[in-house]
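Working through the structure, step by step
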Amino acid sequence: MERLDAAFSALSDPTRRAILARLAMGEETVMELAKPFEMTQPAVSRHLKVLEEAGLIVRRVDGTRRPCRLAKPGIEAIDEWLGMLREALAKNYDRLDLVLEVMNSEKEKEKR
Amino acid sequence: MSKMTLTTEGDRHVIVTRHFNASPEAVYRAHTEPELIQKWLLGPEGWTMPVCINEARPGGRFRYEWSNGKGGHFYITGELVELEPNRKIVHIERMHLPDATPDNHVETRFDADGSGTLMTMRMTLPDAETRKQMLSTGMEHGMEASYARLDSMS
């Protein structure tokens, strides 16, 4: 339960959510992660520490680099979010089905 | 079946396909006429498109603005490169968040498929990094939507 609280608290910050979204695309170093944000590397490192303690990411040692990647619960959460992007797109097209149905019935009416 | 597919191809492409039970003419109209676009191109629940401009001619411009009625707001602008009525739309677009994202080059084809239409949308981003950014931005929006949904449940 404590873990879950830590995960939710870690996820409450938009920068940390953005970092997780980035990591969903693969492993990154702190330097690479800092690029899209107007933030220093130490500030990004602090966010990473929160994510690591929440069990959302893991870091490994690679010479002087410490690349990060998603931990399994993080991956599962991200999968869910990617599903939501898919869902938003799919919802558009479900709405389009209805629009097309109305267009078709109007056309039928014109024919009569 | 009307199931949508969303896949990546190579380093720079994203491909979306969807079948519709309507003629290519109708699906094409729904992609080019503002009063039709405004009815479906809305994304997550609760968002509307108060501004929808589409000049629907080669070289024409378009601008779509979305709002969630609670201060959430973003827009995309773009240019229409090529229009082949009822068959194909080629356009370039960028999102403004409010800074403009790199150009996304999109080719949308409408092919007769049985008595309906198979739509194939092929996006080409400038490089792998941009595609990565775009997919993660999309995911962030998905996340915001999920948080909003959580809010409405509590």
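Residues numbered from 1 in each chain as written. Chains lettered and ligands numbered in written order. Predicted model: local features only at pLDDT ≥ 70, side-chain atom pairs only at ≥ 80, totals over all residues. Heavy atoms only, no water.

**Quick look at the confidence of the model for chain B**
Fine structural detail should not be taken from predicted coordinates in areas where pLDDT scores are low. All names here are of chain B. Looking at chain B, the pLDDT average stands at 85 and 86% of residues meet or exceed 70. Below pLDDT 50 for its whole length, residues 145-154 participates in six contacts with residues either more than four positions away or in separate chains. Overall fold confidence for the complex sits at a pTM of 0.67, while the interface term, ipTM, reaches 0.81. (pLDDT = per-residue confidence, 0-100. Contact = heavy atoms within 4.5 Å.)

**Describing the pairing of strand β8 (residues 116-124) of chain B**
Each regular strand shows side chains that alternate between the opposite faces of the sheet. All names here are of chain B. Relative to β8, strand β2 (residues 13-20) runs antiparallel, the two sharing eight bridges. Each bridged residue has a counterpart across the sheet, and for Phe 20 the counterpart in β8 is Thr 117. Bridge count between strand β7 (residues 104-113) and β8: nine bridges; the pairing is antiparallel. Note that in β8 the partner of Ala 112 across the bridge is Thr 117. Where β7 folds back on β8, the antiparallel hairpin that results is connected by two residues, among which Gly 114 adopts a positive phi of roughly 65°. (Pairing = 2+ DSSP bridges. Helix = DSSP H or I, 4+ residues; strand = E, 2+ residues; numbered from the N terminus.)

**Quick word on the packing of aromatic side chains**
All names here are of chain B. A full pass over the atoms with the stated rule returns seven aromatic pairs over all chains. Here Phe 62 and Tyr 64 contribute two aromatic rings whose centre-to-centre distance is 5.0 Å and whose plane-to-plane angle is 35°, an arrangement assigned as tilted. Residue Phe 62 is classed as buried on the basis of its relative accessible area, which comes to 5%. Of the residues examined, Tyr 64 reaches a relative accessible area of 6% and is grouped as buried. Ring geometry for Tyr 64 against Trp 66: centres 6.2 Å apart, planes inclined by 80°, an arrangement best described as edge-to-face. The exposure classification of Tyr 64 matches that of Trp 66, with both residues buried. Linked through ring pairs, Trp 47, Phe 62, Tyr 64, Trp 66 and Phe 74 together constitute an aromatic cluster. Here the basic side chain of Arg 63 rests over the ring of Tyr 75, its NZ or CZ set 4.1 Å away from the ring centre. (Phe/Tyr/Trp six-rings, centres within 6.5 Å; stacked < 30°, edge-to-face > 60°. Buried < 20%, exposed > 50% of the residue type's maximum accessible area, 1.4 Å probe, protein only. Lys NZ or Arg CZ within 6 Å of the ring centre and 35° of its normal.)

**With respect to helix α4 (residues 41-53) of chain A**
With 13 residues, α4(A) extends 18 Å from end C-alpha to end C-alpha; this agrees with the ideal 18 Å at 1.5 Å per step. With its phi angle positive at about 75°, Gly55(A) sits one or two positions after the end of α4(A). (Expected span 1.5 Å × (residues − 1).)

**Remarks on the pattern of salt bridges**
Counted according to the given criterion, the structure contains 17 salt bridges over all chains. Salt-bridge contacts for Arg60(A) lead to Glu27(A); the nearest nitrogen and oxygen are separated by 2.8 Å. Here Glu27(A) lies in the loop between α2 (14-23) and α3 (30-34) and Arg60(A) lies in the loop between β1 (57-59) and β2 (68-70), a separation of 33 residues in the sequence. Residue class for Glu27(A) comes out partly exposed when judged on its relative accessible area of 32%. Across the salt bridge formed by Asp103(B) and Arg94(B), the nearest N and O atoms sit 2.7 Å from each other. One salt-bridge network, in which partners are shared between bridges, spans Glu84(B), Arg87(B), Arg109(B) and Asp111(B). (Salt bridge = Lys/Arg side-chain N within 4 Å of Asp/Glu carboxyl O.)

**Notes on the sheet that holds strand β1 (residues 5-9) of chain B**
Residues and elements named next belong to chain B. Judged by pairing direction, the sheet is antiparallel, and its eight strands sit side by side in the order β1-β2-β8-β7-β6-β5-β4-β3 without closing on themselves. Only two strands of the sheet have a single partner each, and these edge strands are β1 and β3 (48-54). Ignoring which end each strand starts from, the neighbouring axes of this sheet average 20° apart. Note: β3 against strand β4 (residues 61-67), five bridges, orientation antiparallel. The residue bridging Cys 52 from the neighbouring strand is Tyr 64, located in β4. (Axes fitted to C-alpha atoms, helices over the stretch in contact; angles between N-to-C directions.)

**Thoughts on the side chain of Thr17(B)**
Summarising the element assignment, Thr17(B) is placed in strand β2. When neighbours within four sequence positions are excluded, Thr17(B) is seen to be in contact with Lys3(B), Met4(B), Thr5(B), Leu118(B), Met119(B) and Thr120(B).

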